[in-house]
2 protein chains.
Amino acid sequence: MVFQRVTLKDIADRTGVHTSTVSRVLNPDRRAMVSVEIAERILAVAEELGYRPNTIAYGLKTNRTGSIGVVVPDISNPVFPETVQGIEDVLIAAGYTPILANSDHAADRERIIVENMRDQHIDGLIVASGSPHGAVLMACKEDGVPLVLIHRTWDDPDIPSVSYEEKLGAHLIIDHLAGLGHRDIAYIAGPLDSAATRDRYFGTREALEQHGLRENSNLFTFADAITEEEGERCCRELLQTKEPFTALVTAHDILTAGCIGLLAESGLRVPEDLSLTGYNNTSYATMLTPTLTTVHIPHYDGGVEAARLLLDRIENPTAPVRRLRISPTLVIRNSTAPPPPRPRAQIESPDSAPISVK
Amino acid sequence: MVFQRVTLKDIADRTGVHTSTVSRVLNPDRRAMVSVEIAERILAVAEELGYRPNTIAYGLKTNRTGSIGVVVPDISNPVFPETVQGIEDVLIAAGYTPILANSDHAADRERIIVENMRDQHIDGLIVASGSPHGAVLMACKEDGVPLVLIHRTWDDPDIPSVSYEEKLGAHLIIDHLAGLGHRDIAYIAGPLDSAATRDRYFGTREALEQHGLRENSNLFTFADAITEEEGERCCRELLQTKEPFTALVTAHDILTAGCIGLLAESGLRVPEDLSLTGYNNTSYATMLTPTLTTVHIPHYDGGVEAARLLLDRIENPTAPVRRLRISPTLVIRNSTAPPPPRPRAQIESPDSAPISVK
DNA sequence: CTGAAAGCGCTAACAT
DNA sequence: ATGTTAGCGCTTTCAG
């Protein structure tokens, strides 16, 4: 920086007082210690000179930087911009500066990011990740770095978190489909190393069982990533098993998006021949044709809550740890309908006995 | 931070040398000044104690923080995650820490963000914005804060930038449609306070003129934001003008996405009755039905170049300023086709004379 | 080759 | 009510 910043000393020299007096005036909490006339003079000069406190020097002295680290696994997944927006709105309003970083779902990149952030002396950390790096979290906890998880909890009850009732979300979808009369339901799971998609998967199996629907392992498939490509690959796999199904459920709107083109190519109409569902109620849900029945998760609100939890933690480190769980809701749109009289999902295998529909 | 960090002094005490010696060893450039045995002992102890340099103290001393501010107007617009990814990959590889912030297209929020960042003593700034706050940019320039713009240039040739040949992009689209035989082309522009969408708009008018196509102002409409809602609103407006058109061009895939549902409701098939185009080749382009003919902009590469420009600037502030312009390409998919024999875009006005097609 | 000492800008005892 | 002083952790002259 070529430019010379104005310091407390500059103001002190100009007003004929000591830097400590200037410091007191510029700190609202200590302003009262100083006589009004001097305070006013100092304030005027500070204004005139365009004084900006040096946060680096302040940080060195006080060990507080006003920065909060926010780690997300994939900023291009639309749930994270929403979450981040909620986090930022709260933190900025509270006078903090959020520092956002992308881990790309890579545990070691996450480790490096968090180390960097800690080197920068962040005052707190929010990790939005389905599979945070355990050692990193433990290190933060041990070193007393205020930490909040969002999108998952952690076994250790000392770590505050905001998570969603993912199993409930899965039940909402299956209940809806079962209610429409579907009995053969295929599922595209997300990567199981993420707690959220794992819960959706087990929740789905649980719900199928509750409805007395057969859990045909041929109708479960597993995406390696939350991308359209993986959705399409899994969808192809399901169609090739030649097992009949009348509904296709996925762990994320993005996976569902990947199915649509392939289904159209296969001559399957949604929802007439096949019901299709999403998860997360992202912008994809209304953009696709047909619009998706999906599970709404209030990601913005989750971000807000996570930020509040962190501020609580910073201001009151000894208060009991809170772990929030937020419930999702079902949004019914145009991609689901009662099953066709004869399942058409496997057009190549007309001999497979159609399952009767009430 | 409850936890006590290990400092140079800790290492010095443990090895029986002075802190300045430790400092020299820990700085690769000055390591050679110290005898090998001592250096090794210090390195071993540093490793053992888990020493991490205090970047705050370093920053106070050197006036360099290793942080680079990155300001984007809207992280939920998919072009920005791509751009940011390119920026981050370069900056992180060079040992810098990018600090990302969202201005929400608000000039005063942008001002506050940049002020905050400057208070944090960032070493440089990349502003990705269609309409950066002029005063902010001038202040950075005057104060010698290295600055690069991406997504637009600035009149002042002293500010390096990466921008795209937006007019060319607009020409590519119109050339393609004109080549298919379209003569009545409607346009949904983006907000004109952004340089990029402004250039697309004027480029479109220019291209229409070049092809001798009538510039019917009834067929131009202006979105207030890059959202699906605004796309839909503008599309409705166009349909209500009762002017016939056989192609609908927009300034952004997101605007195009907003049109699709409404067109379907109106009974217009794409591309049989109406050709439709996007811009930016985002994930929307392949997700929508039909897939979109659109303009591909290499946003990731743009981010990479912007970061490199900034690093150049930091390392060599006196080198001549470079301003990059990157050319877009046309991607033809399923949303464009020759116009129908009789334009159907205005089904309510059958009396409007159909334009002949070669 | 290594140590001593100063100082980056600020805050917070401790004096007066 | 204000000034003095010390020091946060580090780098960097300047001596030796």
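Structure: see above.
Analysis parameters
Residues numbered from 1 in each chain as written. Chains lettered and ligands numbered in written order. Predicted model: local features only at pLDDT ≥ 70, side-chain atom pairs only at ≥ 80, totals over all residues. Heavy atoms only, no water. Axes fitted to C-alpha atoms, helices over the stretch in contact; angles between N-to-C directions. Helix = DSSP H or I, 4+ residues; strand = E, 2+ residues; numbered from the N terminus. Parallel < 35°, antiparallel > 145°, perpendicular 65-115°, else oblique. Contact = heavy atoms within 4.5 Å. Nonpolar A, V, L, I, M, F, W, Y, C, P; charged D, E, K, R; others polar. Pairing = 2+ DSSP bridges. Near = heavy atom within 4 Å. Polar contact = N/O pair within 3.5 Å; in protein donor to acceptor, adjacent residues only side chain to side chain. Least-squares fit on C-alpha atoms with pLDDT ≥ 70 in both. Left-handed = near helix turned anticlockwise from the far one by under 90°.

Caption draft 1: Expanded view of the packing of helix 6 (residues 107–119) of chain A against helix 7 (residues 134–143) of chain A. All names here are of chain A. Contact geometry for helix 6 and helix 7: axes closest at 10 Å, N-to-C directions at 20°. When the interaxial angle is binned, helix 6 and helix 7 end up roughly parallel. Seen from helix 6, the contacting residues are Arg 111, Val 114 and Arg 118; seen from helix 7, they are Val 136, Ala 139, Cys 140 and Asp 143. Residues of the contact of helix 6 with helix 7, tallied by class, amount to four nonpolar, no polar and three charged.

Caption draft 2: Spotlight on the sheet that holds strand 3 (residues 124–128) of chain B. All names here are of chain B. An order of 2-1-3-4-5-11 is seen for the six strands of this open sheet, with the pairing classed as parallel. Pairing within the sheet leaves two strands with one partner each, and these edge strands are strand 2 (97–102) and strand 11 (323–326). Neighbour-to-neighbour, the strand axes of the sheet open up by a mean angle of 15°, direction not taken into account. In terms of strand pairing, strand 1 (residues 67–72) meets strand 2 through six bridges, oriented parallel. Residue pairing across strands places Val 70 opposite Leu 100, the latter belonging to strand 2.

Caption draft 3: A look at the protein's contact with DNA strand C. Every one of the 25 residues lining DNA strand C counts as a neighbour, but Leu 8 and Tyr 51 of chain A together with Thr 21, Arg 24 and Ser 35 of chain B are closest to it. For DNA strand C, the backbone makes up 63% of the atoms found within 4 Å of the protein, where backbone means sugar plus phosphate. Here a phosphate oxygen of DNA strand C and a backbone polar atom of Leu 8 of chain A are 2.6 Å apart. Measuring from a phosphate oxygen of DNA strand C, one finds a backbone N or O atom of His 18 of chain B at 3.0 Å. Contributing elements (two or more residues each) for the surface near DNA strand C: helix 2 (19–26) and helix 4 (55–62) of chain A together with helix 2 (19–26) and helix 4 (55–62) of chain B. Per-class residue counts for the surface near DNA strand C are 10 nonpolar, 10 polar and five charged.

Caption draft 4: Representation of the relation of the copies chain B and chain A within the structure. The operation relating chain B to chain A is a screw motion whose rotation component is 180°, with 0.0 Å of axial translation and a residual RMSD of 0.1 Å. Expressed as a symmetry operation, the mapping of one chain copy onto the other fits a two-fold axis. Of the residues that chain B buries at the interface, 100% are likewise interface residues in chain A, meaning the two copies contact each other through the same surface.

Caption draft 5: A look at the protein's contact with DNA strand D. His 18, Thr 21 and Ser 35 of chain A together with Leu 8 and Tyr 51 of chain B are the nearest of the 25 residues found near DNA strand D. Each atom of DNA strand D within 4 Å of the protein belongs either to a base or to sugar and phosphate, the latter forming 61%. At 2.8 Å from a phosphate oxygen of DNA strand D is found a side-chain nitrogen or oxygen belonging to Arg 30 of chain B. Where the surface near DNA strand D is concerned, the elements lending two or more residues are helix 2 and helix 4 of chain A together with helix 2 and helix 4 of chain B.

Caption draft 6: Focus on the packing of helix 8 (residues 166–180) of chain A against helix 9 (residues 195–210) of chain A. Residues and elements named next belong to chain A. At a closest axis distance of 7 Å, the pairing of helix 8 and helix 9 adopts a crossing angle of 45°. One finds that helix 8 runs oblique with respect to helix 9. As for the relative orientation of helix 8 and helix 9, their crossing is right-handed in sense. Here Glu 166, Lys 167, Ala 170, His 171 and Ile 174 of helix 8 lie close against helix 9, whose contacting residues are Ala 196, Asp 199, Arg 200, Phe 202, Gly 203, Thr 204, Glu 206, Ala 207, Leu 208 and Gln 210. Of the residues belonging to the contact of helix 8 with helix 9, the class tally is six nonpolar, four polar and five charged.

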